[in-house]
Every structure is written in C-alpha cells, then in structure tokens.
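Working through the structure, step by step
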Amino acid sequence: MLPDHPTAADLDATYMQRGAQVVSCDAARALAVDTLIAERRLIDEWLKLKEQRRQL
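Read on for a plain summary of the structure. What you see is a predicted model; the values in this text were computed from it and never measured.

Across its full length, the protein holds one helix and zero strands. If you line up the protein on its principal axes, its C-alpha atoms span 75 × 15 × 5 Å. Separation of charge centres in the protein, based on 8 positive and 9 negative side chains, amounts to 17 Å.

Laid out in structure tokens, this is it:
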C-alpha cells in the first residue's frame, strides 16, 4: 500500500518489493517443476527395473 501522497522513493520501494515477490514466486515454481520432473524420472526408472526383474 502506498501512502496518500507517495513520493518517487515510495513508488520505487513498492516496485522493488513487487519485483522481489515475482522473483521469489518464479523460483518456487521452478523448484516445484524440477521436483515433479525428477519424481517422474524416478518412477519411470523404478518401473523399468521392476519390469527387468520380472523378466528374469
């Protein structure tokens, strides 16, 4: 929230805060996507090993 009569410094601070929030959100999203991809790769590898053991 900005004060009733914002100064240029108030606007700069608000934009900087919003920018930091966007960067933080982007990082959290990237981590979630990376985690999901890694999890799916592990599941795929587990299924391959399970199939290999079944064929023995």
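Right, let's get into the pattern of salt bridges. When charged atoms on two side chains of opposite charge get close, those side chains can pair. This model, assessed by the stated rule, comprises two salt bridges. Notably, a salt bridge pairs Arg 29 with Asp 26, separated by 3.6 Å at the nearest N-O pair. Of the two residues, Arg 29 and Asp 26 are both situated in helix H1 (residues 8–55); the distance of three residues between them amounts to about one turn of the helix. We classify Arg 29 as partly exposed; its relative accessible area is 47%. Given the relative accessible area of 43%, Asp 26 is considered partly exposed. When the shortest N-O distance is used, the salt bridge between Glu 51 and Arg 54 registers 2.8 Å. Of this pair, Glu 51 and Arg 54 both sit in helix H1, three residues apart, which is roughly one turn of that helix. Here Arg 54 falls in the exposed class, since its relative accessible area comes to 63%.

Once that is clear, we can look at a nonpolar patch on the surface. A contiguous nonpolar patch, built from Leu 2, Leu 11 and Tyr 15 and spanning about 310 Å² of accessible area, is present on the exposed surface. In this structure, Leu 11 sits in helix H1. For Leu 11, a relative accessible area of 33% gives the class partly exposed.

Cut-offs applied
- Residues numbered from 1 in each chain as written.
- Predicted model: local features only at pLDDT ≥ 70, side-chain atom pairs only at ≥ 80, totals over all residues.
- Heavy atoms only, no water.
- Helix = DSSP H or I, 4+ residues; strand = E, 2+ residues; numbered from the N terminus.
- Lys, Arg positive; Asp, Glu negative; His and termini not counted.
- Charge placed at Lys NZ, Arg CZ, Asp CG, Glu CD.
- Salt bridge = Lys/Arg side-chain N within 4 Å of Asp/Glu carboxyl O.
- Buried < 20%, exposed > 50% of the residue type's maximum accessible area, 1.4 Å probe, protein only.
- Patch = residues over 30% accessible without salt bridge, like charges linked within 9 Å, V, L, I, M, F, W, Y side chains within 5 Å.
- Areas by Shrake-Rupley, 256 points an atom, 1.4 Å probe, with all protein chains shown as cover.

No statement about biological role is implied by the geometric values presented.
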